[in-house]
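Secondary and tertiary structure notes
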Amino acid sequence: MKIMKKRSTIGATPKQRKVLEALGLRKIRQVKEMPDNDAVRGMVKQVEHLVEVVD
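Summarised in this report is the structure supplied together with it.

Thresholds applied
- Residues numbered from 1 in each chain as written.
- Predicted model: local features only at pLDDT ≥ 70, side-chain atom pairs only at ≥ 80, totals over all residues.
- Heavy atoms only, no water.
- Pairing = 2+ DSSP bridges.
- Helix = DSSP H or I, 4+ residues; strand = E, 2+ residues; numbered from the N terminus.
- Buried < 20%, exposed > 50% of the residue type's maximum accessible area, 1.4 Å probe, protein only.
- Salt bridge = Lys/Arg side-chain N within 4 Å of Asp/Glu carboxyl O.
- Axes fitted to C-alpha atoms, helices over the stretch in contact; angles between N-to-C directions.
- Contact = heavy atoms within 4.5 Å.

Section: the pairing of strand β1 (residues 2-5)
Bridging between β1 and strand β2 (residues 31-33) involves three bridges; their strand directions are antiparallel. Residue pairing across strands places I3 opposite K32, the latter belonging to β2. Sheet topology note: the β1/strand β3 (residues 51-54) ladder contains four bridges and is antiparallel. Across the sheet, the residue bridging to I3 is V53, located in β3.

Laid out in structure tokens, this is it:
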């Protein structure tokens, strides 16, 4: 599963910033390959307005 950060963390809550840090996303348009499991899907769900799942 590829995840891309599409928006800035300005205005995001501290918890959302920690989730993005745990996903390894720092810069906008940065893409990371993550395993497709329930833990990663839950993290993406929490910050779905900031990230995009790329196929």
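Let's talk about unusual backbone geometry
Located in the positive-phi region is R29, a residue other than glycine, with phi close to 70 degrees. Considering the arrangement of structural elements, one finds R29 in the loop between α1 (14-23) and β2. Among the residues examined, R29 registers a relative accessible area of 66% and is labelled exposed.

Considerations on the pattern of salt bridges
Tallied over the entire structure, the rule returns two salt bridges. In this structure, E48 engages K45 in a salt bridge whose closest nitrogen and oxygen atoms are separated by 3.8 Å.

Thoughts on the sheet that holds β2
Sheets are built from strands that pair by backbone hydrogen bonding, the pairs being arranged parallel or antiparallel. With respect to topology, three strands assemble into an open sheet ordered β2-β1-β3, the strand pairing being antiparallel. In this open sheet, the two strands that pair with only one neighbour each are β2 and β3. Here the average twist between neighbouring strands, direction ignored, is 30 degrees.

Observations concerning the environment of E48
Within the fold, E48 resides in the loop between α2 (38-46) and β3. Spatially, the C-alpha atom of E48 lies 15 Å from that of Q30, the residues being 18 residues apart in sequence.

Thoughts on the side chain of Q16
One can find Q16 in helix α1. The class for Q16 is buried, based on a relative accessible area of 17%. Once residues lying within four places of it in the same chain are set aside, the contact partners of Q16 are Q46, V47 and H49.

Geometric descriptors of this kind do not, in isolation, establish any biological role.
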